[in-house]
Amino acid sequence: MLEISHVSMAYANGNVKAVDDLSLSLKPGEIFGFLGANGAGKTTTLKMVTGILPIKSGNISICGHDITSDPIEAKRNFGYVPDSPIIFDKYTGREYIDFLGDIYGVDKEQRARVSAELLKRFSLEDAFDKRISGYSHGMKQKIAIIGALIHSPSLWILDEPMMGLDPPSALALKELMKHHRDEGKTVFFSTHVLDVAEKICDRVAIISKGKLVLCGDMDEIKKAQGDESLEEIFMSVAGGDSHE
């Protein structure tokens with residue numbers, strides 16, 4: 001589904017490694033949590049996965065398509081929700097979803113069905129025909145989520161997805177993530193909300209100062225660490241890693 005192989009990214013003329021020789025393999029039918037303190041390299045990794053940032057070394061493939069050499073086909077297979085949604089403010093919610101539907105070649109029947117279901121889940125029906133410029137941050141996050149799912153992608157990528165969502169919407173998002181997994185698809189999301197990761201992830205990876213320090217099945221990791229909570233495990237392997 002997603003293969004990240006020996007990927008690195010450096011800033012400041014190569015003096016600061018944001019991501020350092022990272023390798024991960026995600027499979028169909030799982031929720032994979034990508035954990036780390038602020039500045040650990042999570043967002044940089046996701047931006048390389050999605051093609052926003054060029055890969056300096058290593059390879060990333062999505063459903064067998066290399067994000068560097070075959071970017072169009074790779075991008076057909078994922079939906080992405082960034083940590084701060086940047087959306088065309090002059091569009092209405094409906095126009096934005098139709099725009100994405102056109103890009104991904106989604107027929108009108110599917111986009112109407114998917115958008116209607118998700119609008120109801122997020123209580124966004126009344127705002128769908130209003131301009132996005134009038135949306136709150138949480139509403140923009142919701143319409144970005146709907147847009148990322150309009151083409152039913154095999155891989156759903158989310159960067160700190162709970163930010164800006166009220167409790168009912170956060171619950172709806174977690175249920176959507178589980179549903180996506182249960183359909184045999186993959187969810188790859190970064191977060192520092194460890195209790196959420198502990199409850200819904202099948203596997204997790206912890207990154208510290210750009211390097212992978214722990215990766216595995218959630219239950220197996222906890223058992224190997226003496227049944228400690230994910231928060232306790234995180235603090236023991238990456239608790240001091242913050243670049244802020």
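Everything quoted here is computed from the prediction, not taken from an experiment.

A word on the overall build of the protein
Then step 1. Looking only at helices and strands, the protein features 9 helices and 10 strands.
Then step 2. What you see for the protein is a C-alpha radius of gyration of 18 Å, in line with the 18 Å of a compact globule of 244 residues.
Then step 3. Once the C-alpha set of the protein is aligned to its principal axes, its extents read approximately 50 × 40 × 35 Å.
Then step 4. When each of the 244 residues of the protein is scored for burial, the buried share is 49%.
Then step 5. Restricting the contact set of the protein to residue pairs at least 6 apart, pairs at least 24 apart contribute 67%.

A closer look at the nonpolar core
Then step 1. In this structure, Ile143, Trp156 and Met177 are the most contacted members of the largest nonpolar core, which totals 49 residues.
Then step 2. Among the elements that line this core, the one with the most residues is helix α5 (residues 137–149), at 6 residues.
Then step 3. The residues contacting Met177, other than those within four sequence positions of it, are Ile31, Trp156, Met162, Val187, Phe189 and Ile200.

Here we look at the sheet that holds strand β9 (residues 203–208)
Then step 1. Taken together, 6 strands build an open sheet; the order of strands is β6-β7-β8-β3-β9-β10 and the sheet is mixed. Two strands bound the open sheet, and with one partner strand each, they are β6 (78–81) and β10 (211–217). Strand after strand, the sheet turns through a mean of 15° between neighbouring axes, direction not considered.
Then step 2. In the sheet, strand β7 (residues 155–159) pairs with strand β8 (residues 186–191) via 5 bridges, with the strands oriented parallel. From the neighbouring strand, Trp156 faces β8, where its bridge partner is Val187.
Then step 3. Its contacts with the sheet put α5 on β6 and β7, and the angle it makes with β6 is roughly 170°.

Examining the sheet that holds strand β1 (residues 2–11)
What links the strands of a sheet is backbone hydrogen bonding, and the strands pair in either a parallel or an antiparallel sense.
Then step 1. Across the sheet, 4 strands lie side by side as β2-β1-β4-β5; this open sheet has antiparallel pairing. Both edges of this open sheet fall to β2 (16–26) and β5 (65–66), since each of them pairs with a single strand only.
Then step 2. The pairing of β1 with β2 spans 7 bridges and is antiparallel. Looking at β2, one finds that Tyr11 is bridged to Val16.
Then step 3. Running over the sheet, helix α1 (residues 42–49) touches β1, β2 and β4 (57–62) and is turned about 120° from β1.

Re the packing of aromatic side chains
Then step 1. Counted under the stated rule, the structure contains 5 aromatic pairs.
Then step 2. Both rings, one in Phe34 and one in Phe188, keep their centres 5.5 Å apart while their planes meet at 45°; by these two values the pair is tilted. Placement of Phe34 in strand β3 (residues 30–35) and of Phe188 in strand β8 is noted, with a sequence separation of 154 residues between them. One exposure class covers both Phe34 and Phe188, and it is buried.
Then step 3. An aromatic cluster of at least three residues, connected via ring pairs, comprises Phe32, Phe34 and Phe188.

Some remarks on the pairing of β6
Then step 1. A two-sided burial pattern is seen for β6, the buried positions comprising Phe78 and Tyr80 on one face and Gly79 and Val81 on the other.
Then step 2. Across 4 bridges, the pairing between β6 and β7 is parallel. In the sheet register, Tyr80 faces β7, and the bridge partner there is Ile157.

Here's the deal with the environment of Asp182
Then step 1. Here Asp182 shows up in helix α6 (residues 167–182).
Then step 2. Look at Asp182 and you get exposed, because its relative accessible area is 59%.
Then step 3. Separated by 153 residues in the primary sequence, Asp182 and Gly29 place their C-alpha atoms 6.2 Å from one another.
Then step 4. Within the structure, the side chain of Asp182 is placed 3.2 Å from the side chain of Arg181, a separation counted as a polar contact.

Observations regarding the confidence of the model for the protein
Then step 1. Averaged over all residues, the pLDDT of the protein is 92; the fraction at 70 or higher stands at 97%.
Then step 2. Per-element confidence in the protein ranges from a low mean pLDDT of 83 for helix α8 (residues 218–224) to a high of 97 for β7.

Some thoughts on α6
Then step 1. When the terminal C-alpha atoms of α6 are compared, their 23 Å separation across 16 residues agrees well with the 22 Å that a helix rising 1.5 Å per residue should span.
Then step 2. Three or more residues of α6 are buried, namely Ser169, Ala170, Ala172, Leu173, Leu176, Met177, His180 and Arg181.
Then step 3. Packed against the buried residues of α6 are β3, α4 (108–121), α5, β7, β8 and α7 (194–200).
Then step 4. Gly184 occupies a position one or two residues after α6 and carries a positive phi of about 85°.

Parameters and conventions
- Residues numbered from 1 in each chain as written.
- Predicted model: local features only at pLDDT ≥ 70, side-chain atom pairs only at ≥ 80, totals over all residues.
- Heavy atoms only, no water.
- Helix = DSSP H or I, 4+ residues; strand = E, 2+ residues; numbered from the N terminus.
- Rg over C-alpha atoms; globule rule 2.2 N^0.38 Å.
- Buried < 20%, exposed > 50% of the residue type's maximum accessible area, 1.4 Å probe, protein only.
- Contact = heavy atoms within 4.5 Å.
- Core = buried A, V, L, I, M, F, W, Y, C linked by side-chain atoms within 4.5 Å.
- Pairing = 2+ DSSP bridges.
- Axes fitted to C-alpha atoms, helices over the stretch in contact; angles between N-to-C directions.
- Phe/Tyr/Trp six-rings, centres within 6.5 Å; stacked < 30°, edge-to-face > 60°.
- Polar contact = N/O pair within 3.5 Å; in protein donor to acceptor, adjacent residues only side chain to side chain.
- pLDDT = per-residue confidence, 0-100.
- Expected span 1.5 Å × (residues − 1).

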